[in-house]
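Working through the structure, step by step
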Amino acid sequence: MSKVLKANAVVGQSGGPTAVINASLVGVIEEARRHPEIKKLYGAIHAVAGIAKDQFIDLKKVSAAVLKAVAASPSSALGSSRDKPTAESCSAIIEFFKKRDVRYFFYIGGNDSANAARILKTVADQAGYELRVFHIPKTVDNDLPITDHCPGYGSAATFVALALIGDDLDNRSLPGVKIDVIMGRNAGFLTAACALGRKRGDDGPHLVYVPERPVLLDKFISDVDSVVKKLGRCVVAASEGIRDTDGVTWAEKLAKGVETDAYGNIQLSGTGALADFLADQVRNKLKIKRVRADTFGYLQRSFPGIQSTVDVREAKQCGKEAVKLAMKENSGSVAIRRLRNKPKYAVELFRTELCNVAEKTRSMPAEFINAEGNGVTDAFIEYASPLIGKLPKTEYLGNYPRV
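Residues numbered from 1 in each chain as written. Predicted model: local features only at pLDDT ≥ 70, side-chain atom pairs only at ≥ 80, totals over all residues. Heavy atoms only, no water.

Looking at the pattern of salt bridges
Proximity of charged atoms lets side chains of opposite charge pair with each other. The final tally for this structure, using the stated rule, is 27 salt bridges. Note that Lys 84 and Glu 359 form a salt bridge whose closest N and O atoms lie 3.7 Å from each other. A residue pair is termed long-range when its members are at least 10 positions apart, and Lys 84 in the loop between helix 3 (64-71) and helix 4 (87-100) and Glu 359 in the loop between strand 11 (347-352) and helix 12 (378-384) qualify at 275 residues. With a closest N to O distance of 2.9 Å, Asp 168 and Arg 233 form a salt bridge. (Salt bridge = Lys/Arg side-chain N within 4 Å of Asp/Glu carboxyl O. Helix = DSSP H or I, 4+ residues; strand = E, 2+ residues; numbered from the N terminus.)

Brief notes about helix 3
Along helix 3, the residues classified as buried are Leu 67, Val 70 and Ala 71. Within helix 3, the buried residues cover an arc of 95° as seen down the axis, which keeps them to one side. Exposed and oriented more than 90 degrees from the buried face of helix 3 are Ala 65 and Lys 68. Its buried side turned inward, helix 3 meets helix 1 (21-32). (Buried < 20%, exposed > 50% of the residue type's maximum accessible area, 1.4 Å probe, protein only. Arc of directions from axis to C-beta. Contact = heavy atoms within 4.5 Å.)

What about empty space enclosed by the protein?
Counted according to the given criterion, the structure contains 3 cavities of 30 Å³ or more. Around the largest cavity sit Ile 165, Asp 168, Leu 169, Gly 197, Lys 199, Arg 200, Asp 203, Gly 204, Pro 392 and Thr 394, which together line it. Tallied by class, residues from the lining of the largest cavity come to 3 nonpolar, 3 polar and 4 charged. (1 Å grid on protein atoms, 1.4 Å probe; cavity = no way out; pocket = protein on both sides within 12 Å on 5 of 7 lines; lining within 4 Å. Points joined across faces, edges and corners; volume = space filled by probe spheres on them. Nonpolar A, V, L, I, M, F, W, Y, C, P; charged D, E, K, R; others polar.)

Description of the sheet that holds strand 4 (residues 102-109)
Taken together, 7 strands build an open sheet; the order of strands is 3-2-1-4-5-10-11 and the sheet is mixed. Looking at strand neighbours, the two that pair on one side only are strand 3 (56-58) and strand 11, the edges of this open sheet. The mean angle between the axes of side-by-side strands here comes to 25°, regardless of whether they run parallel or antiparallel. Note that strand 10 (residues 331-338) and strand 11 share 6 bridges and pair antiparallel. Bridging across to strand 11, Arg 338 finds its partner in Val 347. In the packing of helix 11 (residues 309-326) onto the sheet, contacts are made with strand 2 (38-44), strand 4, strand 5 (132-137), strand 10 and strand 11, and the angle to strand 5 comes to roughly 165°. (Pairing = 2+ DSSP bridges. Axes fitted to C-alpha atoms, helices over the stretch in contact; angles between N-to-C directions.)

A short note on the sheet that holds strand 6 (residues 177-182)
Across the sheet, which stays open at both edges, the 4 strands sit in the order 7-8-6-9 with parallel pairing between neighbours. Of all the strands in the sheet, the pair left with one neighbour each is strand 7 (207-209) and strand 9 (291-295). Going from strand to strand, the sheet's axes swing by 15° on average, the running direction of each strand aside. In the packing of helix 6 (residues 153-173) onto the sheet, the strands contacted are strand 6 and strand 8 (234-239), and the crossing angle to strand 6 comes to about 165°.

Looking at the pairing of strand 1 (residues 7-13)
By the criterion of burial, strand 1 is predominantly enclosed, with 7 of the 7 residues buried. Direction of pairing for strand 1 relative to strand 2: parallel, over a ladder of 4 bridges. In the sheet register, Val 10 faces strand 2, and the bridge partner there is Tyr 42. Chirality of the crossover, the property in question, places the unit of strand 1, helix 1 and strand 2 among those that are right-handed. Where strand 1 meets strand 4, 6 bridges bridge the pair, whose relative direction is parallel. Bridge pairing in strand 4 places Ala 9 opposite Tyr 104. (Right-handed = clockwise from strand over helix to strand, strands pointing away.)

And the structure:
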């Protein structure tokens, strides 16, 4: 256990925003106010990009009323950045921290943000500057290792489940084939969430494809054909990162030019190419007239009004836990452990090393995907259901007996 430092702190939000990343921020602020060891808490405007420009706000001066509204607001209240810090830029950041007497750094983000925190901690150690660095998890993809699930996923999953409930009802009204392409580069958790709203035996999505299982085009067409012959319609959900048998994503194969960020991540969201391609294949090969497709892109990241209660609570707890850990540890990442010996859903928080999360991802477990590779199992439904908000009950009269 390390001695407690009396100094200032900085918190930043990095990577793609979520519906609850601000709840984690508020958790940090509220907990920091309880510790006199943290004299001032600076909010970094646009993450490491703002730190490099010495752009901060004093978060201890923000009123409780404003913080309550911030916690309920999606997106990143401080602004975000995807800049990847280098050893040189980290040295400059350390100089800014020295000038402001900053000894605590909290970074809310995904695996790339954990890596940025790791790099900064390494540079600080090499410079002989004592800096407590803690990563606070967030991602709508739910693809961070170690943790059971990530803050941000539950609310995004709620959006996806609601969207597919509505899309399925729309498809019932005007039968045909509907294809929805959903965010998820390497992990299918978010796409899989579309199945959480199914209640009736013939509810869509009828087919679900995730990056963890290769998708042969002929098999995809055959699957759609089988569902249409059985139900007279078909709703499909596919991850943006679905791959061919050679491991290359369909989106990459279709892209004329591939855009990447500072971490080398290929941009898959924000283009409708994959959805349009799949729709054209179904339309041309199965001769189905009514085929429609949508690409969800970024909508689920910051959609207001559908925050999962569990997601908000756990996001704030993760922020608070990071501050508590910083009072006794030098660095780490906050993780969530599900307590399976409890009668109801319950979790506990724990610390893991930054290197266990930095630039690492996890995939959906095999037991969450059906044997055919075109759907999810009851094990996934059991895993994800406690994380989302309450879903509406709907009715459809078209299946009632004719008179």
